[in-house]
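Structure at a glance
Here is what each chain is made of, one letter per residue.
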Amino acid sequence: MRMVDLIEKKRDGFELSTEEINFIINGYTDGSIPDYQMSALAMAIYFNGMGEKERADLTMAMVHSGDTIDLSEIEGIKVDKHSTGGVGDTTTLVLGPLVAAVGVPVAKMSGRGLGHTGGTIDKLEAVEGFHVEIENEEFINLVNKNKIAVIGQSGNLTPADKKLYALRDVTATVDNIALIASSIMSKKIAAGADAIVLDVKTGAGAFMKTVEDSEQLAKAMVSIGNNVGRNTMAIISDMSQPLGFAIGNALEVKEAIDTLKGEGPEDLTELSLTLGSYMVYLAKKAESIESARTMLKQAIKDGSALASFKTFLEAQGGDGTIVDNPEKLPKAQYTFELEAKEDGYVSTIVADEVGTAAMLLGAGRATKESEIDLAVGLMLNKKIGDSVVKGESLVTIYSNFEDVSAVKEKLYANITISSERVEKPTLIYKQITE
Ligand code: URA
Ligand code: CA
């Protein structure tokens, strides 16, 4: 086989076979296929797309380009959740303990990453003593015992995707449905998921800005999952404004505790129940999505969801008493209020820009080397559709420095108030369950 012939084949709109895709991914991973040929192929895929079988083949070729995690010693069906990335998205912190409470094994491998806030691990490290440096064996034992554990990313997972994603980034070939879908799915499958629930975000703060594009991406991922023997379901959810009220690490841990108690923000609660009920259903712990939802509501009501969070934190060295005393979480030195300059209704809260404001406070990393300040961040006191009176606080700013003028400026520029009544945005646009 010669790479140049395969580039030509894709350029001319033909389908690549399983063997051809394996040849490409193996060759690219081991360096025998150079970047310039892979760039040409990525561009040919960008213009001509890939069929369902090609997408599934590309996904599995990337899965097998490196290590895969074996979770077979964990009892039950391992369901993983993936979000395409949001601002202040506290759902992972809520969902883990919530579904674990009804018996779904949550074996989470998580990273730190860049972004407006830290990743799941950073957020959890706001709990004193909590750590993810545990051995594989302990990880497996903990999931079997408590139904939930989190371990730091280790091993050489999907090196082909790492290399290809970096190449796409500099060759204008990132935003292609086939390439995005196979990239995301390969990572989930390599990490050991038997079944996958996807939260595809849509709106200003999301990768995909329109519902139509988001739906296409969701369908592509569901189809890959089902083609490679992993039951997959997806929803399209709103990311025109941040999710919940909290954007920041310790602030989001507190928000997760509130939600597990049944006292969380409406949107975060609803999204967690929806995604959670899919997870419970796919793990075969409920007969239907509706009965799964009933089980989860019960777990919130009877305190078992919160108890599951406490057990999980303590099992990994964390101070579980923060669940009852969240005031023990790291606290910022200063708080400031962003006062509304006029009466009216909140009409936009541009999610990614508000996320950037949290990052200016130190809540997230701009580069891999940046230090995160776990205590700082933003609490939204108003969401889109809420009425507001001049002088009322729109946002509380938690900061460890005194001059927050740049943060305030950014927030004022991205939170608008309209004199006319504004509808609340739809939270869940679509559900893709087959
Ligand atoms: N996220 C990924 O992991 N891969 C893509 O290709 C795009 C977004
Ligand atoms: Ca939040």
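Residues numbered from 1 in each chain as written. Chains lettered and ligands numbered in written order. Predicted model: local features only at pLDDT ≥ 70, side-chain atom pairs only at ≥ 80, totals over all residues. Heavy atoms only, no water.

**Describing empty space enclosed by the protein**
Applied cut-off: A cavity, in this analysis, means grid points on a 1 Å lattice covering only the protein atoms where a 1.4 Å probe fits yet has no way out; a pocket is instead an open set bounded by protein on both sides within 12 Å along at least five of seven lines, and a residue lines either one if it has an atom within 4 Å of a point. Grid points are joined across faces, edges and corners, and a volume is the space filled by probe spheres set on the points. Helix and strand assignments follow DSSP, with helices taken as H or I runs no shorter than four residues and strands as E runs no shorter than two, numbered in order from the N terminus. Three classes are used, and their members are as follows: Ala, Val, Leu, Ile, Met, Phe, Trp, Tyr, Cys and Pro are nonpolar, Asp, Glu, Lys and Arg are charged, and the others, Gly among them, are polar.
Counting across every chain of the model gives two cavities of 30 Å³ or more. Its boundaries defined by the atoms lining it, the largest cavity holds a volume of some 130 Å³. Where the lining of the largest cavity is concerned, the elements lending two or more residues are strand E1 (79-83), helix H5 (91-100), strand E2 (106-110), helix H6 (120-124), strand E3 (148-152) and helix H14 (304-315). For the lining of the largest cavity, the element with the most residues is H5, which contributes five residues. One number sums up the size of the second largest cavity: a volume of about 80 Å³. Leu 16, Ile 21, Ile 24, Ile 25, Met 38, Leu 41, Ala 42, Ile 45, Met 50, Leu 58, Leu 164 and Leu 179 together form the lining of the second largest cavity. For the lining of the second largest cavity, the secondary-structure elements that each account for two or more residues are helix H2 (18-30) and helix H3 (35-48). At four residues, H3 tops the list of elements feeding residues into the lining of the second largest cavity. Split into classes, the residues belonging to the lining of the second largest cavity amount to 12 nonpolar, no polar and no charged.

**What to know about the nonpolar core**
Our working rule: Remark: nonpolar core denotes a set of buried residues (Ala, Val, Leu, Ile, Met, Phe, Trp, Tyr, Cys) joined through side-chain atoms within 4.5 Å. Throughout this description, buried means an accessible area under 20% of the type-specific maximum (1.4 Å probe, protein chains only), exposed means over 50%, and partly exposed covers the range between. Reported domain spans reflect what an automatic or database domain assignment gives. Only heavy atoms matter for contacts: two residues are in contact if any of them lie within 4.5 Å across the pair.
Ranked by size, the top nonpolar core spans 83 residues in total, and within it Leu 378 and Leu 411 carry the most contacts. When residues in this core are grouped by element, the largest group, eight residues, is from helix H12 (residues 266-282). Each of domain 2 (79-325) and domain 3 (332-418) accounts for three or more of the residues forming this core. Discounting residues that sit within four places of it in the chain, Leu 378 has contacts with Phe 245, Ala 246, Ile 247, Leu 251, Val 354, Ala 357, Ala 358, Leu 361, Val 395, Thr 396, Ile 397 and Leu 411. One finds Ala 181, Val 222, Ile 224 and Ala 234 within the second-largest nonpolar core, a separate group that totals 25 residues.

Read these as spatial facts, not as claims about activity.
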